[in-house]
Amino acid sequence: MTPKLQISQSVLSRLGDVGKQQEGAVYGTMYDNSLLVLGLSVGAAGTGADQYARLQTHLPTEVDFCGVVIFTDDTDDDHVSPATLDTLKEVLVTDNPLVMKRAINSGTLRAYFYYNDRLAEAQYQVLTETELCQRFAHVRLRARVPLVCDPDPLSVQEAINNLQKSVSSGNVAFHITRTKMYLFGTEMVDSSPAVSQLLDTLKISPGTSLENSDVINVTMLEKATRDALSEDTTRLAPVIHHLKCARHCVSLTLPVDHMALVHVERKVAELYNVLVDTLCRSLRILERCLSGREQVSVPRAFHFLPPVGHFFTLVYPADSTDKDLERIRDGVHKELNLPQDRPMFRRGNAHVFRDDIPANAPLINPHETLKCPVKDGQVSLVYGRYSYHHYLQDGQQDDGWGCAYRSLQTIVSWFRHQGYTDRPIPTHKEIQQCLVDIKDKKASFVGSKQWIGSTELSYCLDTMLGVSCRILNLSCGSELVDLAPELARHFIVHGTPVMIGGGVLAHTIIGVAFNQESEEVRYLVLDPHYTGADHLQTIHSKGWVGWKKPDFWTKGDFYNLCLPLRPSCF
């Protein structure tokens, strides 16, 4: 009997982005006699079962290669090539591999399970991202594993293989952070609580999107002593062999950091085997990172959340630059069929988990829970992440003069979070020095409390980040009503925050909503004049971040808008 089939909304959307005949792979997870398809890869060089299995290690554990997708002109043909059948033999997560056929011209999608040496058509249910977050939880395993070997690829491979054998043989245990729960692999599954109960204990509620979902954090413990009653213990006299010679040796600590996806009805005791597999996946990625380099350096794992509907983990050498990693990123973009006009896998693109955010860090995307007041309006918002910068942060006494500086800091944070730059957020003094260096201001400007405007922001973005800007001039604030379609296009095409300055005030616009029939317009505004603590409820209730009517700005004042343009790169 074939399983039930579910396909995530993200996969269905991505299928429509493929415009040529080719074959790819789909990745999914099995639960409750259902196969849920979560991932898709196409267009990889050397496509085949080995390539699909390699890509699988970058996905959360429990998301496995489960079938193929064929992009064709005719979905009615149930013929599958011998090469595709050979590829399906490598599917291990289910006895009934999945074959999906997508018609490029008509958009028709048909799904089949390979059952009893034939294709049996399957009906499928579509799962939204919110439903996915309600049914599944992410587990993040972090550990430090010692590695000692010769500095050559074969030795690295052998040493990591030995590590995998060691962790698979029961020599490790796992601790669920913020609880007293330890997993030793010997727990009774029937008496174990469900993952949903663990989420309640950790006070983790299902998010509405992967972006704002919390994870279950887990650490690893390694057995320090041998079991005294082990049957295979052989008692021998110790023998020491001392050989004096010159030898190079690599000794470092591998930072294991990987994700797993588990259904909330799974038993917590079952997580032991999932975590062992997670550890082994991480070690395989670390091995590939270390084996491909002449000089071995400590690598680091990064978890990315590109627009594919699942996390994707990559490991980069610590001493590499974004330029060094272009070839790797290029390959991943092609495999996942992602556009190459914006970064998605630079270090700056790495997902920031809630537990990793420092206590004194600025708020990230404080607008996300706000509801748009425009009924049936077209809503266009800033793309991705940014941090909210306002008066009196960082010990800077800028109340009354630093609003445009804070708007610039918010814009620079956007370029950092999107991976366009790794430059730190500039201080007020650095912004002033930049304007002096390009001879826009006199030397006495540094250390002063003088205002800056939209034009100065554009100069700083060009000099500091190489980012070009558009400047829009309004003779009066009442003209903002007519500017709504223009700002909507900006957020759709570029997605960057917009600075608006006029009189003695500056604000940051991060969204616009308007209804063409009712002519109702609202702007989503970050107000940098806030002087309190970064308390989200206070900021919302007092309107420091919120939807504003056009009359929020003075009708008779002159205004300039600085619209940063998103560079085209990856």
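Right above here is the structure, for reference.
Residues numbered from 1 in each chain as written. Predicted model: local features only at pLDDT ≥ 70, side-chain atom pairs only at ≥ 80, totals over all residues. Heavy atoms only, no water.

Colleague: Teacher, can you tell me more about the overall build of the protein chain here?
Modeller: Counting its secondary structure elements, the protein chain contains 13 helices and 22 strands. Over its C-alpha trace the protein chain gives a radius of gyration of 27 Å, about what one expects of a compact globule, namely 25 Å for 570 residues. Principal axes of the C-alpha set define a box for the protein chain whose edges measure 85 × 70 × 45 Å. For the protein chain, buried positions account for 51% of its 570 residues. Accessible surface, the protein chain as shown: approximately 27800 Å² in total, 49% of it carbon and sulfur. The average position of the 56 basic charges and that of the 66 acidic charges among the side chains of the protein chain differ by 5 Å. (Helix = DSSP H or I, 4+ residues; strand = E, 2+ residues; numbered from the N terminus. Rg over C-alpha atoms; globule rule 2.2 N^0.38 Å. Buried < 20%, exposed > 50% of the residue type's maximum accessible area, 1.4 Å probe, protein only. Areas by Shrake-Rupley, 256 points an atom, 1.4 Å probe, with all protein chains shown as cover. Lys, Arg positive; Asp, Glu negative; His and termini not counted. Charge placed at Lys NZ, Arg CZ, Asp CG, Glu CD.)

Colleague: Explain the pairing of strand β15 (residues 312-317) to me, please; I cannot follow it from the model alone.
Modeller: The side chains of a regular strand alternate, residue by residue, between the two faces of the sheet. Among the six residues of β15, six are classified as buried, and the element is accordingly described as predominantly covered. Bridging between strand β14 (residues 299-304) and β15 involves six bridges; their strand directions are antiparallel. In the strand pairing of β15, H303 is matched with T313. (Pairing = 2+ DSSP bridges.)

Colleague: Where do I start with the packing of aromatic side chains in this structure?
Modeller: Aromatic ring pairs are reported here in terms of the distance separating the ring centres and the angle at which the planes meet. On inspection of all chains with the given rule, the structure shows 18 aromatic pairs. Pairing Y182 with F184 gives two aromatic rings, centres 6.4 Å apart and planes at 25°, and the pair type is stacked. Geometrically, the ring pair formed by F304 and Y316 is tilted, given 6.4 Å between the ring centres and 55° between the ring planes. Placement of the pair is F304 in strand β14 and Y316 in strand β15, with a sequence separation of 12 residues. Note on F304: relative accessible area 0%, which makes it buried. Here the aromatic residues F302, F304, F312, Y316 and F345 are joined through ring pairs into a cluster of three or more. Over the ring of Y383 we find R342, and its NZ or CZ is 4.9 Å from the ring centre. The ring of F445 carries K441 above its face, with NZ or CZ at 5.4 Å from the centroid. (Phe/Tyr/Trp six-rings, centres within 6.5 Å; stacked < 30°, edge-to-face > 60°. Lys NZ or Arg CZ within 6 Å of the ring centre and 35° of its normal.)

Colleague: Where do I start with the sheet that holds strand β2 (residues 22-31) in this structure?
Modeller: Strands pair in a sheet through their backbones, by hydrogen bonds, and they do so in one of two ways: parallel or antiparallel. Ordered in space as β7-β6-β5-β4-β2-β3-β1-β8, the eight strands form an open sheet in which the pairing is mixed. Looking at the sheet topology across the chains shown, the edges are occupied by β7 (118-122) and β8 (124-127). Across the sheet, the mean angle from the axis of one strand to that of its neighbour is 35°, orientation sign disregarded. Across eight bridges, the pairing between β2 and strand β3 (residues 34-42) is antiparallel. From the neighbouring strand, V26 faces β3, where its bridge partner is L40. In this fold helix α2 (residues 49-56) packs onto β2, β3 and β4 (64-72), with an angle of close to 45° to the strand it touches most, β2. (Axes fitted to C-alpha atoms, helices over the stretch in contact; angles between N-to-C directions. Contact = heavy atoms within 4.5 Å.)

Colleague: Explanation requested: helix α9 (residues 403-417) in the structure shown.
Modeller: Along an α-helix, a turn takes 3.6 residues, which lines up residues three or four apart on a common side. Over its 15 residues, α9 runs 21 Å from end to end, which matches the ideal 21 Å to within 8%, given 1.5 Å per residue. Counted residue by residue, α9 has 13 buried out of 15 residues, so it is predominantly covered. Immediately downstream of α9, the backbone of G419 shows phi near 85°, a positive value. (Expected span 1.5 Å × (residues − 1).)

Colleague: How do you make sense of the pattern of salt bridges when you look at a structure like this?
Modeller: Between side chains of opposite charge, pairing is possible as soon as their charged atoms come close. Counted according to the given criterion, the structure contains 23 salt bridges. Between R354 and D214 there is a salt bridge, with the nearest N and O atoms lying 2.6 Å from each other. Of the two residues, R354 sits in the loop between α8 (326-335) and β16 (378-381) while D214 sits in the loop between α6 (195-201) and β12 (215-222), which places them 140 residues apart along the sequence. Among the ionic contacts, a cluster of salt bridges with common partners joins R140, R142, D257 and D356. (Salt bridge = Lys/Arg side-chain N within 4 Å of Asp/Glu carboxyl O.)

Colleague: Just checking my understanding: could you explain the sheet that holds β12 for this structure?
Modeller: Judged by pairing direction, the sheet is mixed, and its five strands sit side by side in the order β11-β10-β12-β9-β13 without closing on themselves. This sheet does not close on itself; its edge strands, each paired only once, are β11 (182-183) and β13 (250-263). In the sheet, strand β10 (residues 172-176) pairs with β11 via two bridges, with the strands oriented antiparallel. Residue pairing in the sheet places F174 in a bridge with L183 of β11. Strands in contact with helix α7 (residues 271-291) are β9 (136-149), β10, β11, β12 and β13; relative to β13, the strand with the most contacts, it is inclined by about 135°.

Colleague: Sorry if this is basic, but what is going on with the nonpolar core here?
Modeller: The nonpolar side chains of a soluble globular protein tend to be buried with one another. Counting residues in each nonpolar core, the largest one holds 46 residues, and the members touching the most others are L147, F174, I216 and L254. At 12 residues, the largest contribution of residues to this core is made by α7. For I216, the contacting residues outside a window of four places in its chain are A137, H138, V139, R140, I176, V195, L198, L199, L202 and I204. (Core = buried A, V, L, I, M, F, W, Y, C linked by side-chain atoms within 4.5 Å.)

Colleague: How should a nonpolar patch on the surface be read in this particular structure?
Modeller: A contiguous nonpolar surface patch, about 300 Å² in accessible area, is contributed by Y182, F184 and L221. Positionally, Y182 belongs in strand β11. (Patch = residues over 30% accessible without salt bridge, like charges linked within 9 Å, V, L, I, M, F, W, Y side chains within 5 Å.)

Colleague: Please clarify how the packing of helix α5 (residues 153-168) against α7 should be interpreted in this entry.
Modeller: Two quantities define a packed helix pair, namely the angle between the axes and the distance from one axis to the other. Where α5 meets α7, the closest approach of the two axes is 10 Å, and the angle between their N-to-C directions is 175°. As judged from the angle between their axes, α5 and α7 are roughly antiparallel. Judged by residue contacts, P153, V156, Q157, I160, N161, L163, Q164, V167 and S168 of α5 engage V276, L279, C280, L283, R284, L286, E287, L290 and S291 from α7. In terms of residue class, the contact of α5 with α7 is made up of 11 nonpolar, five polar and two charged. (Parallel < 35°, antiparallel > 145°, perpendicular 65-115°, else oblique. Nonpolar A, V, L, I, M, F, W, Y, C, P; charged D, E, K, R; others polar.)

Colleague: Can you help me understand empty space enclosed by the protein in this one?
Modeller: In this approach, a probe sized like a water molecule rolls over the atoms, and the result shows the empty space that is left. Per the counting criterion, the structure on display carries three cavities of 30 Å³ or more. A volume near 140 Å³ is recorded for the largest cavity. Lining the largest cavity are 16 residues, with C133, F136, A137, S213 and D214 sitting closest to its centre. Of all the secondary structure elements, the ones that give two or more residues to the lining of the largest cavity are α4 (129-135) and β9. (1 Å grid on protein atoms, 1.4 Å probe; cavity = no way out; pocket = protein on both sides within 12 Å on 5 of 7 lines; lining within 4 Å. Points joined across faces, edges and corners; volume = space filled by probe spheres on them.)

Colleague: Explain the environment of T84 here, please?
Modeller: Note that T84 resides in helix α3 (residues 82-88). Overall, the relative accessible area of 2% leaves T84 in the buried class. Apart from residues lying up to four places away in sequence, T84 is in contact with E23 and V68.

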